[in-house]
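Secondary and tertiary structure notes
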Amino acid sequence: MDVAIGKDTGARGAPRPEDHVRLVYHYRDGHDFTTETMLRTDAVAYMPLLNAVCVDPEHYEASFAQIELRVG
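Residues numbered from 1 in each chain as written. Predicted model: local features only at pLDDT ≥ 70, side-chain atom pairs only at ≥ 80, totals over all residues. Heavy atoms only, no water.

1. Quick notes on the pairing of strand β1 (residues 20-27)
Where β1 lies against strand β3 (residues 38-39), two bridges are found, and the strand directions are antiparallel. Considered in β3, the bridge of Val21 is made with Met38. Here β1 pairs with strand β6 (residues 65-71) via seven bridges, running antiparallel. Note on β6: the bridge partner recorded for Arg22 is Arg70. Counted along the chain from β1 to the antiparallel partner strand β2 (residues 32-34), the turn is four residues long, and its residue Gly30 has a positive phi close to 105°. (Pairing = 2+ DSSP bridges. Helix = DSSP H or I, 4+ residues; strand = E, 2+ residues; numbered from the N terminus.)

2. Quick word on the side chain of Thr35
Mapped onto the secondary structure, Thr35 falls in the loop between β2 and β3. For Thr35, the contacting residues outside a window of four places in its chain are Arg22, Leu23 and Tyr25. (Contact = heavy atoms within 4.5 Å.)

3. As for the environment of Val21
Here Val21 shows up in strand β1. With relative accessibility at 0%, the residue Val21 sits in the buried group. The sequence separation of Val21 and Asp42 amounts to 21 residues, and the corresponding C-alpha distance is 9.5 Å. Aside from chain neighbours lying at most four places away, what touches Val21 is Glu36, Thr37, Met38, Leu39, Arg40, Ala43, Leu69, Arg70, Val71 and Gly72. (Buried < 20%, exposed > 50% of the residue type's maximum accessible area, 1.4 Å probe, protein only.)

4. Comments concerning unusual backbone geometry
The phi torsion at Asn51 lies on the positive side, around 55°, for a residue other than glycine. You can see Asn51 is positioned in the loop between α1 (40-46) and β4 (53-56).

5. What about the confidence of the model for the protein chain?
For the protein chain, the average pLDDT comes to 86, and 82% of its residues sit at 70 or higher. Ignoring residues within four places in sequence, the model shows residues 1-10, a span with pLDDT below 50, making 13 contacts including any to other chains. (pLDDT = per-residue confidence, 0-100.)

6. Things to note about the environment of His20
Turning to its location among the elements, His20 is positioned in strand β1. C-alpha of His20 to C-alpha of Leu69: the two residues are 49 residues apart in sequence and 9.3 Å apart in space. At a separation of 3.3 Å, a polar atom in the side chain of His20 contacts the main-chain carbonyl oxygen of Arg16. (Polar contact = N/O pair within 3.5 Å; in protein donor to acceptor, adjacent residues only side chain to side chain.)

So this is what it looks like as structure tokens:
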């Protein structure tokens, strides 16, 4: 049996729809940027590289932007 270490998966090992998020960067200068879909675990793991602090499970604060994890 294959097991994906560190991945939050459903009963059959496949990621659930709510496990997929897009990062929406709300930059301080007023523009926004939305990424392609990625796994939530990968998005959260990326936040320390951005020096982003968790505000709540869906929002992070970095010096250059507010970062939203948007399902889908």
